[in-house]
Amino acid sequence: MILTDAASSGCRVRVNGQTHRVEAGTTLAQLLACLDMAPHSVATALNGEFVPRGERGGCVLRDGDHVTCFQPIVGG
């Protein structure tokens, strides 16, 4: 889903501050897989809004989106 050809059509998204070009229609789940991020080991936010693990497959990325991946905090 991540495109390497700068001339290719697609969307530009920022992941933890780094820009990636992805194919149109790429979901957040697909992006994580392409970046070799284990879905159970990261929490995600899209444009500052938390995205639960179960909703990543239906979350289609758009040009200019900002994705944040971080370690979930456990404890109390």
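A brief look at the structure comes next. Just so it is clear, the structure is predicted and the values come from calculations on it, not from any experiment.

### Describing the sheet that holds strand β3 (residues 43–46)
As summarised here, the arrangement of the five strands in space is β2-β1-β5-β3-β4, forming an open sheet in which the pairing is mixed. The outermost strands of the open sheet, each flanked by one partner alone, are β2 (18–22) and β4 (49–51). Strand-to-strand twist of the sheet, defined as the mean angle between neighbouring strand axes without regard to direction, takes the value 30°. Where β3 lies against β4, three bridges are found, and the strand directions are antiparallel. Along β4, the bridge assignment pairs leucine 46 with glutamate 49.

Conventions used here
- Residues numbered from 1 in each chain as written.
- Predicted model: local features only at pLDDT ≥ 70, side-chain atom pairs only at ≥ 80, totals over all residues.
- Heavy atoms only, no water.
- Pairing = 2+ DSSP bridges.
- Helix = DSSP H or I, 4+ residues; strand = E, 2+ residues; numbered from the N terminus.
- Axes fitted to C-alpha atoms, helices over the stretch in contact; angles between N-to-C directions.

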